Structures are given as C-alpha cells and as structure tokens.
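So the chains spell out like this:
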Amino acid sequence: MTLHLVSITLREIHLPLKEPFRISSGVVKDRRIALLELTDADGTVGWSECVAGEQPNYSSETIDTAWHAMKEWLLPRVLDAEIAHPDRVFALLDRNIRGHNMAKAAIEMGCWDVAARQAGLPLSKMLGGTRDRVPTGISIGIQANPQVLAQRARAAYAQGYRKIKVKIEPGSDIDFVRAVRTELGPSVHLMADANSAYKLADADHLAQLDEFDLIMLEQPLGREDLVRHAKLQQRLKTPLCLDESITDVERAEDMIELKSGRIVNIKPGRVGGFAISKGIHDVCERSGIPVWCGGMLESGIGRAHNVALASLPNFSLPGDLSPSSRYWARDIVSPEWTMDADGMVHVPLGKPGIGVDVDLDRIEDLTVRREVFGVGAPVS
Ligand code: OSB
Ligand code: MG
C-alpha cells in the first residue's frame, strides 16, 4: 500500500451553528470550515477537515493562516510524492516548518482516510481502535447566568450525555459550577474548561471548585505554563486536564514529568494529526494518564475522524463528542451523527474510511471558496 496523491481540493464552507458558542476567549456563531478532498492516483478519494477557527483565540492558527500554509508550503510536499504509510506524513510536513499543526493535521488525517479506504478498513481499525461505541459528552458555552446554565446542563443530561463540561471564565465560574452541581446531583460526571483564562495568582479562587467534585478542570492557565500548572495542581484536589498546552508528544511527557496535570485532552488538529495523537495516547497509557478526545465544533467529517480516534483503548473518558443535531440544523454527511439511548456514538465499522457519506451537493451549496491543487488545477 502506497499513497500517491494526485489532486487535493480545498473548499471553505460556511455552516451556521444553531446557537452561538462562547468560551473565555471569544464567541463563534457561524463556522468557517476548510474541507479537503484528496484523490489518489488509483482513484481513491478521502476527506478531512481543518479545525482552525476564524479567530486566533484558541491557538495562533486560523482558517486563513491554515489555507495559506497548506497552499504555499504543505500541499506541495504530499502531492505526487510516494508515501509508504500515512504515519509518515507528519514528518514529511513537519521538516523545517514550525507550527501550523492544524494545517498539517488536515492533510495528514485526509491521508489516513485515503489509506484506510485503500486497505478496505474502517478508519477506526486503521488507527488501532478497539471499541465499537464511544461515550458522548457535551461542552456548554458560557451562559448569561447560573440558572440558565443549570437548565442547559439538566436538559443535556436528560438527553443522555455521559459527561457535562461547562465553560468558565473569571466572573462566570464558582456560582455557575455550583448551580450545575446542585441541579444535577453528586454523581453526574461534571467538569469545567477555562481556556487559559486564569493566572497562578487565582489559585485560592480556583480551589473553591474543589468542593464540587469535578472530574477535572481543563486548561486553567496559559498554554506555555506547564510549570505554573504544576504549582496549581499541588494546591487543588481537582485533577487538572491540559488541552492547549499539549501540542506534541514531548509536551505530554513534560506534563507527566512535571505533574502539571493528570489527564490529557487529545485533539488531533492541535497536535498535527493522528500519528502524534497516537503517540500521546501511548505515552499517557504507559504512565496511567487517561485521555479523551476533544472537539473543535467540527462538521460531520471532522467528527468522523474524532470518533475513529476515540475508539482507541486509552480514550477512557467521554470526549467532547456530540451528535450532529447539537451543532447544525443539517450536517454535511449521511447518516448524520447520532447518539443512542445510552448516550453512545456508534463507531462506523461497516465500510472503509471515515464510514459516513459526504454530501457533495450540500457541500457545493455551502462553498464560498475553492482551490484545486495537482491534477485539475488551473494552469498558471
Ligand atoms: O477548549 O475544548 C475547547 C471549542 C472551540 C475551541 C476550544 C474548545 C471547544 C470546545 C468544543 O469545547 C467542544 C465541541 O466540539 O463540542
Ligand atoms: Mg478545552
């Protein structure tokens, strides 16, 4: 099996969220999503999604920087190259190109879909997945007041979600989490995500969260702050989980060594794709650190990639994996992603690759920008 990509089409679609999603660093209403359609010399077509947002408020990347990085530096490296296995793609993209992990990941993950289809394997199996269902979780954005948040959380729990995550920021934190814990009772898996909104000087304030028995507190401090996260962890009972800080395998090793956190959120887009995600998964597994799959408000294509990754054995906590209807009036894949009565998403194991059909007509309707590279590209 060898990859030999002859054409990659980049499209930007606009997909309105059902409701705005607010985190400590910004709000998003309409997603601008870059999609990749990758064609191999043997005719196999794979799909992937770039998770970079419109604004650089989560990481430094945006859809526009990712588009630029793919067009100028990254796509030329994979087009017409003979690639023995998709686990080689990250190294090919990473040599002498710093950062741009979401752009690299989009290409790398598309290569995994192509390779899985060539091998006749579901993407989950291609990656080493062992589960056929994965538990869902919901990430609820910052709400106007604690009562509204508590009602949102109650409704989500009633729908079947196995984990409730609430976004927090200074001014919308302790009372908000208290209201949700009171509403849901003590046994529901509840957590909070601060997206780097605090400083180490807020340690005493954050320690007030300890009384709510959160399963974890995600990324309270800055993305480069592994040392300060370690100091904060010493002062909190609540386990810290790192998201933004874990950008590669070495950063996961540093977290473990420094005790900066006890759990890792793996987002394949943040770390440059599946090969590095698997590396982080393995390092954490050896150290007894649970991991779970984060989300970036993906369309049904990115969700397919996340579900496949979440089927690996050490993804032992529910991810930020919600059904299509939580985000969109209508998704761009069929069937849409749903959860069963137990709050589980089924891993599609019935066909090769991502396991859902891409609705090309709908994508064409939603497309606002399109560029073809390789075969079919305009002659310049
Ligand atoms: O920090 O996990 C995060 C969305 C955008 C940016 C950052 C984050 C999130 C989420 C979304 O929490 C989770 C989802 O996709 O449902
Ligand atoms: Mg997060």
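Residues numbered from 1 in each chain as written. Chains lettered and ligands numbered in written order. Predicted model: local features only at pLDDT ≥ 70, side-chain atom pairs only at ≥ 80, totals over all residues. Heavy atoms only, no water.

Description of the overall build of the chain
Then comes step 1: Scanning the chain from N- to C-terminus turns up 13 helices and 15 strands.
Then comes step 2: Its C-alpha radius of gyration of 20 Å places the chain within 12% of the 21 Å reference for a compact globule of 380 residues.
Then comes step 3: The principal-axis extents of the C-alpha atoms in the chain amount to approximately 60 × 40 × 40 Å.
Then comes step 4: Long-range pairs, those at least 24 residues apart, make up 72% of the contacts in the chain with a sequence separation of at least 6.
Then comes step 5: Accessible surface for the chain amounts to roughly 14,800 Å². Of this, 49% is attributable to carbon and sulfur atoms.
Then comes step 6: Taking the average location of the 44 positive side-chain charges in the chain and that of its 52 negative ones, the two points are 3 Å from each other. (Helix = DSSP H or I, 4+ residues; strand = E, 2+ residues; numbered from the N terminus. Rg over C-alpha atoms; globule rule 2.2 N^0.38 Å. Contact = heavy atoms within 4.5 Å. Areas by Shrake-Rupley, 256 points an atom, 1.4 Å probe, with all protein chains shown as cover. Lys, Arg positive; Asp, Glu negative; His and termini not counted. Charge placed at Lys NZ, Arg CZ, Asp CG, Glu CD.)

Side note on the site of ligand 1
Then comes step 1: Looking at ligand 1, there are 15 residues lining it, with Ser 139, Lys 167, Asn 195, Leu 297 and Tyr 327 nearest.
Then comes step 2: Lys 267 is positioned such that a nitrogen or oxygen atom in its side chain is 3.0 Å from an oxygen atom of ligand 1.
Then comes step 3: Starting from 400 Å² of accessible surface for ligand 1 in isolation, the protein chains cover 96%. (Near = heavy atom within 4 Å. Polar contact = N/O pair within 3.5 Å; in protein donor to acceptor, adjacent residues only side chain to side chain.)

Quick notes on the sheet that holds strand S11 (residues 291-293)
Then comes step 1: Taking strand neighbours across the sheet as the criterion, the seven strands line up as S5-S6-S7-S8-S9-S10-S11 in an open arrangement whose pairing is parallel. Only two strands of the sheet have a single partner each, and these edge strands are strand S5 (138-140) and S11. The mean inter-strand angle of the sheet, taken between neighbouring strand axes irrespective of direction, is 25°.
Then comes step 2: Sheet analysis places strand S8 (residues 216-218) next to strand S9 (residues 240-242), joined by two bridges and oriented parallel. The residue of S9 that forms the bridge with Glu 218 is Cys 241.
Then comes step 3: Its contacts with the sheet place helix H5 (residues 146-159) against S5 and strand S6 (164-167), and it is angled at close to 165° to S5. (Pairing = 2+ DSSP bridges. Axes fitted to C-alpha atoms, helices over the stretch in contact; angles between N-to-C directions.)

Quick word on the environment of Val 51
Then comes step 1: The residue Val 51 is located in the loop between strand S3 (45-50) and helix H1 (63-78) in this model.
Then comes step 2: The exposure class of Val 51 is buried, given its relative accessible area of 10%.
Then comes step 3: Between the C-alpha atom of Val 51 and that of Glu 257, which follows or precedes it by 206 residues, the distance is 29 Å. (Buried < 20%, exposed > 50% of the residue type's maximum accessible area, 1.4 Å probe, protein only.)

Describing the packing of helix H9 (residues 249-258) against helix H11 (residues 274-286)
Then comes step 1: Two elements in contact, H9 and H11, have axes separated by 9 Å at closest approach and are oriented at 20°. By the criterion of interaxial angle, the relationship of H9 to H11 is roughly parallel. The chirality of how H9 crosses H11 is right-handed. Contacts from Val 249, Ala 252, Glu 253 and Ile 256 in H9 reach Ile 276, Gly 279, Ile 280, Val 283 and Cys 284 in H11.
Then comes step 2: Split by residue class, the contact of H9 with H11 holds seven nonpolar, one polar and one charged. (Parallel < 35°, antiparallel > 145°, perpendicular 65-115°, else oblique. Left-handed = near helix turned anticlockwise from the far one by under 90°. Nonpolar A, V, L, I, M, F, W, Y, C, P; charged D, E, K, R; others polar.)

Regarding the sheet that holds strand S2 (residues 26-40)
Then comes step 1: The sheet built from four strands is open, its strands ordered S3-S2-S1-S15 with antiparallel pairing. Every interior strand has two partners, whereas the edge strands, S3 and strand S15 (367-374), have only one. The sheet shows a mean angle of 25° between the axes of neighbouring strands, direction not considered.
Then comes step 2: Where helix H3 (residues 101-119) meets the sheet, it contacts strand S1 (5-23), S2 and S3, and its direction lies at approximately 155° from that of S3.

A few points about the packing of H5 against helix H6 (residues 174-184)
The axes of two packed helices give the description: the angle between them and the distance between them.
Then comes step 1: H6 packs onto H5 with a crossing angle of 40° between their chain directions and a minimal axis gap of 8 Å. The orientation of H5 with respect to H6, classified from their angle, is oblique. Between H5 and H6 the crossing geometry is right-handed. Each of Pro 146, Leu 149, Ala 150, Gln 151, Ala 153, Arg 154 and Tyr 157 in H5 lies in contact with H6, whose residues at this interface are Asp 175, Phe 176, Ala 179, Val 180, Glu 183 and Leu 184.
Then comes step 2: Among the residues forming the contact of H5 with H6, the class breakdown is nine nonpolar, one polar and three charged.

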